[in-house]
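# Report on the structure
Chain by chain, the residues:
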Amino acid sequence: MQQISLYFPASRRLNGRALAGVVGSGDMEVLFVANGSDTLNVEIVTSVDNSNKRWTALFERLGTFGDLPAGQMTIHDFGATPGVARIRIEQVFEEVADA
């Protein structure tokens, strides 16, 4: 298991928290808790070693398509594809934005 900590500038403020996915499903879960900071802090626990570049690229891509919200994100990844990872991340952002 690898632990990765990433930090990205946030330009959007939301309120609330959200959970998407289920670890027991065999791919991943994402928990997001909004806060009033100016960064998105991401803590990832993954079964895929040496995946720091993949995760960094995924969040950089998300940042180019929209504003990243301020908050704390925790990801438990058990080999999800990049497409599933992006869907789960976007699900928590959408759920908190709609709260």
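The structure reproduced in this document is the subject of the present report. Every value quoted in this text rests on a predicted model; they were computed, and no experiment measured them.

Okay, the pattern of salt bridges next. Close approach of charged atoms allows side chains with opposite charge to pair. Applying the stated criterion across every chain, the model contains 2 salt bridges. With a closest N to O distance of 2.9 Å, Glu90 and Arg86 form a salt bridge. In this pair, Glu90 and Arg86 are both assigned in helix 2 (residues 82–97), 4 residues apart and thus about one turn of the helix distant. A relative accessible area of 24% places Arg86 in the partly exposed class.

Within the secondary structure, Asn41 is located in strand 4 (residues 39–46). Separated by 28 residues in the primary sequence, Asn41 and Pro69 place their C-alpha atoms 9.9 Å from one another. Setting aside residues no more than four positions away along its own chain, Asn41 makes contact with Leu6, Tyr7, Gly71, Gln72 and Met73. There is a polar contact of 3.2 Å between the side chain of Asn41 and the side chain of Thr39.

This brings us to helix 2. Relative to the 22 Å expected for 16 residues at 1.5 Å per residue, helix 2 spans 22 Å between its end C-alpha atoms, a close match to the ideal helical length. Among the residues of helix 2, those classed as buried are Ala85, Arg88, Ile89, Val92, Phe93 and Val96. The buried residues of helix 2 occupy one face: seen down the axis, they fall within an arc of 130°. Among the structural elements, strand 2 (17–21), strand 3 (28–34), strand 4, helix 1 (52–65) and strand 5 (71–77) are those in contact with the buried residues of helix 2.

This brings us to the packing of aromatic side chains. Centre-to-centre distance and the angle between the planes together describe a pair of aromatic rings. Under the criterion given, the structure shown has 3 aromatic pairs. When the ring of Phe8 is compared with that of Phe59, the centres are 5.4 Å apart and the planes differ by 20°; the resulting orientation is stacked. With Phe8 in strand 1 (residues 2–9) and Phe59 in helix 1, this pair connects stretches of sequence that are 51 residues apart. On the numbers, 5.4 Å between centres and 85° between planes, the contact of Phe32 with Phe93 is edge-to-face. Here Phe32 is found in strand 3, whereas its partner Phe93 is found in helix 2, with 61 residues between them in sequence. Accessibility classification places Phe32 together with Phe93 in one group, the buried group. An aromatic cluster of at least three residues, connected via ring pairs, comprises Phe8, Trp55 and Phe59.

Let's shift gears to the packing of helix 1 against helix 2. Interhelical geometry of helix 1 versus helix 2 gives an angle of 50° and a closest axis separation of 11 Å. Between helix 1 and helix 2, the interaxial angle falls into the category oblique. Helix 1 and helix 2 meet at a crossing whose hand is right-handed. Across the interface between the two elements, Arg54, Trp55, Leu58, Phe59, Leu62 and Phe65 of helix 1 pack against Pro82, Ala85, Arg86, Ile89 and Glu90 of helix 2. Of the residues belonging to the contact of helix 1 with helix 2, the class tally is 8 nonpolar, no polar and 3 charged.

Conventions we followed
- Residues numbered from 1 in each chain as written.
- Predicted model: local features only at pLDDT ≥ 70, side-chain atom pairs only at ≥ 80, totals over all residues.
- Heavy atoms only, no water.
- Salt bridge = Lys/Arg side-chain N within 4 Å of Asp/Glu carboxyl O.
- Helix = DSSP H or I, 4+ residues; strand = E, 2+ residues; numbered from the N terminus.
- Buried < 20%, exposed > 50% of the residue type's maximum accessible area, 1.4 Å probe, protein only.
- Contact = heavy atoms within 4.5 Å.
- Polar contact = N/O pair within 3.5 Å; in protein donor to acceptor, adjacent residues only side chain to side chain.
- Expected span 1.5 Å × (residues − 1).
- Arc of directions from axis to C-beta.
- Phe/Tyr/Trp six-rings, centres within 6.5 Å; stacked < 30°, edge-to-face > 60°.
- Axes fitted to C-alpha atoms, helices over the stretch in contact; angles between N-to-C directions.
- Parallel < 35°, antiparallel > 145°, perpendicular 65-115°, else oblique.
- Left-handed = near helix turned anticlockwise from the far one by under 90°.
- Nonpolar A, V, L, I, M, F, W, Y, C, P; charged D, E, K, R; others polar.

So far we have only geometry, and geometry alone does not tell us how the molecule works.
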